[in-house]
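Coordinate analysis (summary)
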Amino acid sequence: FWAYWNADISYNISDVYNLRFAIPPAVFAVFGFEACCSLGQYLPGGTRQVGSVILAAFFIVITLYTFFHFGLVHIMGVDNLAAVGAIAVPDFMGLSPKLTALLAVGITGSILLSFCNTIFGVLLTAITNLFTLAQKKLIIGTIVLSKTNAFERPTVAALIQGLGLWLLLFFVSSFSVLLALTNLGICSTYLLTVVAVLLTTIKKGDYKNAAIAFLGLGSCGMLLYY
């Protein structure tokens with residue numbers, strides 16, 4: 001809230017149109033929430049609590065992100081924020097060199113932690129999906145992929161997922177390509193999932209949830225387009 005003491009900034013409403021360019025990295029950023037879905041069976045009260053947990057976490061974090069990024073615009077200005085990124089915000093706060101360096105370490109650590117959480121969420125979702133497909137005998141190698149350790153964790157599925165990801169990284173030439181391929185892969189998975197939910201709800205005559213799934217289908221289409 002330090003940032004909001006500066007009242008000299010104005011916003012160009014016409015620039016809202018450019019928000020579409022922020023969609024791909026934003027999609028990548030929020031996939032950490034998938035970890036909550038994958039761990040839903042361990043919540044007190046069971047999987048019925050997943051919806052409230054996900055929505056609460058999502059809206060709390062998005063609210064904080066919104067305040068934080070508007071604060072960055074106030075402190076740095078749009079041009080500086082675009083040029084050097086949020087990681088450089090301590091340099092624009094007028095603090096002492098020692099405090100600036102300390103704050104820079106904290107912000108860098110937070111960004112790295114958020115990035116690692118995103119990777120963890122995506123990997124956990126992929127491992128869970130692979131394990132579920134193996135349990136239902138929908139893919140080859142079900143006997144191996146459905147094995148678990150003493151804690152009932154799918155270690156074999158996790159190892160194969162990690163090895164496959166490690167091998168695929170050799171074919172990625174840049175971070176932008178990695179980001180694009182990740183988004184396309186995950187959005188394609190979501191698209192198939194939403195189609196399955198839509199068909200199931202229509203078959204059951206549950207048209208209320210079918211309408212929600214249809215909106216989800218439109219969202220997936222927009223994400224894939226951008």
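Here, the structure is the one placed above.
Now for a description of the structure that goes with this document.

A tally of helices and strands in the chain yields nine helices and zero strands. The linear arrangement of helices and strands in the chain, starting from the amino end, is α-α-α-α-α-α-α-α-α. Counting across all 226 residues of the chain, residues that qualify as buried make up 21%. For the chain, long-range pairs separated by at least 24 residues make up 51% of all intrachain contacts whose partners lie at least 6 apart in sequence. Within the structure as shown, the chain displays about 15700 Å² of accessible surface, and the carbon and sulfur contribution to it stands at 73%.

We now examine the nonpolar core. In terms of nonpolar packing, the biggest core is built from eight residues, these being Leu72, Val73, Met76, Leu81, Ala88, Val89, Met93 and Ile107. A per-element tally of this core places helix 3 (residues 50-76) first, with three residues. In terms of nonpolar packing, the next biggest core, distinct from the first, is built from six residues, Ile127, Phe131, Leu145 and Ala157 among them.

Right, let's talk about the packing of helix 5 (residues 97-135) against helix 7 (residues 155-168) for a bit. Their axes nearest at 9 Å, the elements helix 5 and helix 7 cross at an angle of 125°. Taken together, the axis directions place helix 5 and helix 7 in an arrangement best described as oblique. Classified by chirality, the crossing of helix 7 by helix 5 is right-handed. Together, Leu123, Ala126, Ile127, Leu130 and Phe131 of helix 5 and Ala157, Ala158, Gln161 and Leu165 of helix 7 make up the contact between the two elements. For the contact of helix 5 with helix 7, the residue count by class is eight nonpolar, one polar and no charged.

Moving on, we get to the side chain of Thr142. Mapped onto the fold, Thr142 is located in helix 6 (residues 142-145). Look at Thr142 and you get buried, because its relative accessible area is 15%. With near-sequence residues (within four places) excluded, Thr142 lies in contact with Ala134 and Lys137.

Between its terminal C-alpha atoms helix 3 stretches 38 Å, which fits the 39 Å expected from 27 residues at 1.5 Å a residue. Residues of helix 3 that are buried include every one of Val50, Ile54, Gly71, Leu72, Val73, His74 and Met76, and no others. Immediately downstream of helix 3, the backbone of Gly77 shows phi near 85°, a positive value.

What counts and how
- Residues numbered from 1 in each chain as written.
- Predicted model: local features only at pLDDT ≥ 70, side-chain atom pairs only at ≥ 80, totals over all residues.
- Heavy atoms only, no water.
- Helix = DSSP H or I, 4+ residues; strand = E, 2+ residues; numbered from the N terminus.
- Buried < 20%, exposed > 50% of the residue type's maximum accessible area, 1.4 Å probe, protein only.
- Contact = heavy atoms within 4.5 Å.
- Areas by Shrake-Rupley, 256 points an atom, 1.4 Å probe, with all protein chains shown as cover.
- Core = buried A, V, L, I, M, F, W, Y, C linked by side-chain atoms within 4.5 Å.
- Axes fitted to C-alpha atoms, helices over the stretch in contact; angles between N-to-C directions.
- Parallel < 35°, antiparallel > 145°, perpendicular 65-115°, else oblique.
- Left-handed = near helix turned anticlockwise from the far one by under 90°.
- Nonpolar A, V, L, I, M, F, W, Y, C, P; charged D, E, K, R; others polar.
- Expected span 1.5 Å × (residues − 1).

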